[in-house]
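# Structural overview for review
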Amino acid sequence: MTQLKVMSAIERCRAAALGGHVERCADCAHEHIAYNSCRNRHCPKCQAGAAKTWLAALEAELLPVRYFHLVFTLPKQIANIACQNKREIYNLLMRAPSPCLAHVAAAS
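Residues numbered from 1 in each chain as written. Predicted model: local features only at pLDDT ≥ 70, side-chain atom pairs only at ≥ 80, totals over all residues. Heavy atoms only, no water.

An unreviewed UniProt entry lists the protein chain under the name Transposase zinc-binding domain-containing protein, with Puniceibacterium antarcticum given as the organism.

Here it is as structure tokens:
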């Protein structure tokens, strides 16, 4: 249900459905309609500036070494459980491979 609310907010973002206001140039009286944003924290339109700031701060903390992106896939049966118990399942998922990854990293 939460995902549906987020998607609905994103779809309506900066569209007539959320209302808006008229901006008028004082010199030439040109009018421009500006629609309101959804302000949802998941919305790429609303959070683009915050995302850039966050990314810059995160990049400043990175060590000058190569990084590897790892993806862990859950079987469908566990993925269904994870949707209901996100915190517990993802904490387990992060702890389980740690010793193996530390061993591989030490050997590199």
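## A few points about the overall build of the protein chain
Operational definition: To qualify as a helix, a DSSP run of H or I must reach at least 4 residues; to qualify as a strand, a run of E must reach at least 2; elements of each kind are numbered from the N terminus. The atom set for the radius of gyration is the C-alpha atoms, and the globule formula is 2.2 Å times the number of residues raised to the power 0.38. Burial classes follow relative accessibility: with a 1.4 Å probe on protein chains only, a residue under 20% of its type's maximum area counts as buried, one over 50% as exposed, and anything between as partly exposed.
Counting its regular elements, the protein chain contains 5 helices and 2 strands. Ordered by position from N to C terminus, the α and β elements of the protein chain give α-β-β-α-α-α-α. The C-alpha atoms of the protein chain give 22 Å as radius of gyration, which overshoots the globular expectation for 108 residues (13 Å, by more than 25%). Dimensions of the protein chain along its principal axes, counting C-alpha atoms only, are 70 × 40 × 15 Å. A total of 108 residues make up the protein chain; the buried ones form 9% of that total.

## Description of the domain arrangement of the protein chain
Condition: For each domain, the first and last residues come from an automatic or database assignment.
Assigned domains of the protein chain: these are domain 1 (7–48) and domain 2 (76–107). Each of domain 1 and domain 2 was reduced to a C-alpha centroid, and the two centroids are 40 Å apart.

## Notes on helix α2 (residues 44–61)
Here is the rule we go by: Helix span, as expected, comes to 1.5 Å for every residue beyond the first. To get the bend at a given residue, fit one axis to the seven residues ending there, fit another to the seven starting there, and take the angle between those axes.
Between its first and last C-alpha atoms α2 spans 24 Å; for 18 residues at 1.5 Å apiece the expected length is 26 Å, and the two agree. Along α2, the largest kink reaches about 35° and is centred on alanine 50.

## Regarding the UniProt feature "domain: Transposase zinc-binding" (unreviewed entry) in the protein chain
Heads up, the rule is: UniProt positions are given in the numbering used here, feature names are shortened, and annotations may be inferred rather than shown by experiment.
The UniProt record marks residues 3–74 with the feature "domain: Transposase zinc-binding" (unreviewed entry), using the residue numbering of this structure. As a span, residues 3–74 carries 39% helix and 14% strand, and end to end its C-alpha atoms are 20 Å apart.

## A closer look at the pairing of strand β2 (residues 31–35)
Applied cut-off: Here a strand pair is declared whenever DSSP counts at least two bridges between the two strands.
In this structure, strand β1 (residues 20–24) lies alongside β2, joined through 5 bridges in antiparallel fashion. Bridging across to β2, histidine 21 finds its partner in alanine 34. The antiparallel hairpin formed by β1 and β2 contains 6 residues in its connecting segment, where alanine 29 sits at a positive phi of about 65°.

## A closer look at the pattern of salt bridges
Under the convention used in this document: Throughout this description, the term salt bridge denotes a Lys or Arg side-chain nitrogen within 4 Å of a carboxyl oxygen of Asp or Glu.
Summed over the entire model, instances satisfying the criterion amount to 1 salt bridge. For the salt bridge of arginine 24 with glutamate 31, the shortest nitrogen-to-oxygen distance reads 2.4 Å. Taking the relative accessible area as the measure of exposure, arginine 24 reaches 56% and is therefore exposed. Judged by relative accessible area, glutamate 31 falls into the partly exposed class, the value being 44%.

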